[in-house]
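# Examination of the molecular architecture
This is what each chain is made of:
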Amino acid sequence: MTPNRVVITGVGVTSAVGSGRAQFFEALVEGRSGIGPITRFDASMLRSRIAGEVRDLGVGGLDPKLLKRSSRFTHLALAASAEALAHAGLTGAAREEAAVVIGTGIGGFDDLEHEHAAFLTHGPEKFRPLTVAMIIPNMGAGMVAIAYGMRGPCLCPSTACATGAHAIGQAFDMIRAGRVQAALAGSAESTLSPFAVDGYCQLRALSTRNDSPSTASRPFSRSRDGFVIAEGAGVLVLESLEHARARGAQVLAELAGYGSSGDAHHMTAPDPEGRGAIRAMRMALADAGMSPEQVELVNAHGTSTQLNDAHETRVIRAVFGAHAERLWVHATKSMTGHALGASASLEAVACVLTLMHGVVHPTANLDDPDPACDLDYVPLVARERRIRTVMSNSFGFGGHNGVLILRSFED
């Protein structure tokens, strides 16, 4: 049986640079950073006091009771899902039968911390009764399914910073296999709480460029000093081509390939030889039936950490060989910050919009290139070009690797 072709018919996003696809992409193209001082809590005692906060989250049309009974990561997922469903025009039976595959790296960490403090201060039965139900990672997917009446498979991958790629890839596989005809796929994350931020500080993972937040996320720069923690959500509506055509949907792009692998190396550091990342990238190319030379753009994991950026440069060169000299590579996290489990799906939305609009957003703050990072990272200024094929890389703690290949749709 020939696998179904899988197309993208809607996207939705909530991010530090703006919520809604138009505002999100406009900010990326202009190179505008969404990083600023942390306002969600008093961060004055922390080493890193900056973050990519979502400041324009629109949930006014949602049931207030539903919002009261859910954590912020779920609110982000709900808002992004609402936009994606409306963009795709997915309604009625097509929506009811669709799958929901929305992951998160951590879940309701902020509510857990807040309610645990209440428990320690006031004792048993003195914190919110629904706390456990609110904070568990699967509740983002569950509440999206409840809010929008979606009764297909409801799943929640959780693979650290590769979560969004794996969620989209899992939905992709289900549609190709004919298990479902449509899916809402992506991820959401909000871990902006004192304990979580300090935890990353203790790992020496975060930037401490507190006096210049907008320039703190500096992928591939010689002066990079860590990633900037962020929140957000990105969601795609995926459909089989046949299903999209039958209902007259506009096709935005095609999801062509997916690769997944594990490093089997270390909790937080990538395999120095890049074996897992290389395997996932090659798997995605093989899955799409494409040669490396057909890829024009790589949306990099690009975290702004010393280890990741040089490592990713090496694995791109290993996979693409001489073609690496002709590739464009860019880092969305230079503006959004690193939204952990949500990052891969934010970047997938950016890839779709790049394919649609023929504009490649820049890597911001790349005014001091690292000699060890020697590819064309589209520094500082966007470029106009009709891109046909883009690879999106995502690598997570624990050695989780997820790679997607998206391309312009052609009959």
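Please read these numbers as outputs of a predicted model, since none were measured by experiment.

This part covers the environment of Ala171. In this fold, Ala171 is placed in helix α8 (residues 163–176). For Ala171, a relative accessible area of 0% translates into the label buried. Discounting chain neighbours no more than four positions away, the residues touching Ala171 are Val101, Ala183, Ala185 and Leu238.

What follows covers unusual backbone geometry. Here the phi dihedral of Arg204 falls at roughly 55°; this positive angle occurs in a residue that is not glycine. By the element assignment, Arg204 lies in the loop between α9 (194–202) and β7 (232–240). Residues other than glycine seldom take positive phi values, yet Phe220 does so here, at roughly 70°. Mapped onto the elements, Phe220 comes out in the loop between α9 and β7. Classification of Phe220 as buried rests on a relative accessible area of 0%.

Turning next to the pattern of salt bridges. Inspection of every chain in the model, using the stated rule, returns 27 salt bridges. Close ionic contact of Arg5 with Glu254 constitutes a salt bridge, the shortest N to O distance being 2.8 Å. Here Arg5 is found in the segment before β1 (6–14), whereas its partner Glu254 is found in strand β8 (residues 253–262), with 249 residues between them in sequence. Since its relative accessible area comes to 32%, Arg5 is described here as partly exposed.

Moving on: the sheet that holds strand β14 (residues 400–407). Across the sheet, 10 strands lie side by side as β5-β4-β6-β7-β1-β8-β14-β13-β9-β10; this open sheet has mixed pairing. This sheet does not close on itself; its edge strands, each paired only once, are β5 (154–155) and β10 (328–330). Running over the sheet, helix α11 (residues 275–288) touches β8, β13 (389–396) and β14 and is turned about 145° from β8. Its contacts with the sheet place helix α12 (residues 306–320) against β9 (297–299), β10 and β13, and it is angled at close to 135° to β13.

Looking now at the pairing of β1. Across the 9 residues that make up β1, a large majority, 9, are buried. Looking at chain direction, β1 and β8 are connected through 3 bridges and run antiparallel. When the sheet's bridge partners are listed, Val7 is paired in β8 with Glu254. Sheet topology note: the β1/β7 ladder contains 8 bridges and is antiparallel. Residue pairing in the sheet places Val11 in a bridge with Leu236 of β7.

What counts and what doesn't
Residues numbered from 1 in each chain as written. Predicted model: local features only at pLDDT ≥ 70, side-chain atom pairs only at ≥ 80, totals over all residues. Heavy atoms only, no water. Helix = DSSP H or I, 4+ residues; strand = E, 2+ residues; numbered from the N terminus. Buried < 20%, exposed > 50% of the residue type's maximum accessible area, 1.4 Å probe, protein only. Contact = heavy atoms within 4.5 Å. Salt bridge = Lys/Arg side-chain N within 4 Å of Asp/Glu carboxyl O. Pairing = 2+ DSSP bridges. Axes fitted to C-alpha atoms, helices over the stretch in contact; angles between N-to-C directions.

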